[in-house]
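What follows is the residue order along each chain.
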Amino acid sequence: MSNGMDADNESQITLTRTIAAHVSDVFAAWTDPALIEQWEADEAEFDAFEGGQYRFVTFAEDEDEADHEVSGEVLTFVEDERLVLSWIHKGDEEDEELIFVLDIAFMAISDDSTRITLTERGLPHADAQTRIFSMEAWSAALEELAELME
């Protein structure tokens, strides 16, 4: 199992992870709402086609906090190969949004091994701390995915 993280420039982060599962199973974990709810979000909606919409909600742990919601459009959908999503996170303020593109490439290494390359691009990170937070959050998400698949 490999785990690579690269901070390419101020507006791009790339992570690579090898998961011990068939490429179609790993791809389904990103596109099937029932599977997404097992590793990424508490509630998921996902139109599994180019031009479709998606919405992921993670419930807040404390009553005084807001739920974490992301949504967007499926920009590219190539089954078992590539998924590109616009990623819109609604902030605490009503007009506050963080928008970037999430590009996930899937490569079958063998019948039971898949390499995922996840690239977050377009979100300028104001400082090293926000870049580290983003990298750690995606790394933790990929770890959850690996645990589900393996």
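Residues numbered from 1 in each chain as written. Predicted model: local features only at pLDDT ≥ 70, side-chain atom pairs only at ≥ 80, totals over all residues. Heavy atoms only, no water.

- If you check an unreviewed UniProt entry, the protein chain appears there as SRPBCC domain-containing protein from Devosia salina.
- Quoted verbatim from the Sequence similarities (unreviewed entry) field of UniProt, the annotation for the protein chain is "Belongs to the AHA1 family." (UniProt positions renumbered as here; feature names shortened; annotations may be inferred.)

**Considerations on the side chain of S113**
Link 1 in the chain: With respect to the element layout, S113 can be found in strand β8 (residues 113-121).
Link 2 in the chain: Residues contacting S113, with those up to four places away along its chain left out, are T18, I19, A20, A21, M107 and A108. (Helix = DSSP H or I, 4+ residues; strand = E, 2+ residues; numbered from the N terminus. Contact = heavy atoms within 4.5 Å.)

**A closer look at the pattern of salt bridges**
Side-chain pairs of opposite charge can arise whenever the charged atoms involved come near each other.
Link 1 in the chain: One pass over the full model with this rule turns up 6 salt bridges.
Link 2 in the chain: Note that R82 is salt-bridged to D103, the shortest N-O span being 2.6 Å. Residue R82 is found in strand β6 (residues 82-90), and its partner D103 is found in strand β7 (residues 97-110); the two are separated by 21 residues along the sequence.
Link 3 in the chain: Residue classification places R82 among the partly exposed positions, given a relative accessible area of 34%.
Link 4 in the chain: A salt bridge links R121 to D103; its shortest N-O distance comes to 3.0 Å. Residue R121 is located in strand β8, and its partner D103 is located in strand β7; the two are separated by 18 residues in the primary sequence.
Link 5 in the chain: Exposure remark for R121: the relative accessible area of 32% places this residue in the partly exposed category.
Link 6 in the chain: In this structure D103 comes out as buried when scored by relative accessible area, which is 10%.
Link 7 in the chain: A cluster of three or more residues bridged by salt bridges with shared partners is formed by E43, E45, R55 and E69. (Salt bridge = Lys/Arg side-chain N within 4 Å of Asp/Glu carboxyl O. Buried < 20%, exposed > 50% of the residue type's maximum accessible area, 1.4 Å probe, protein only.)

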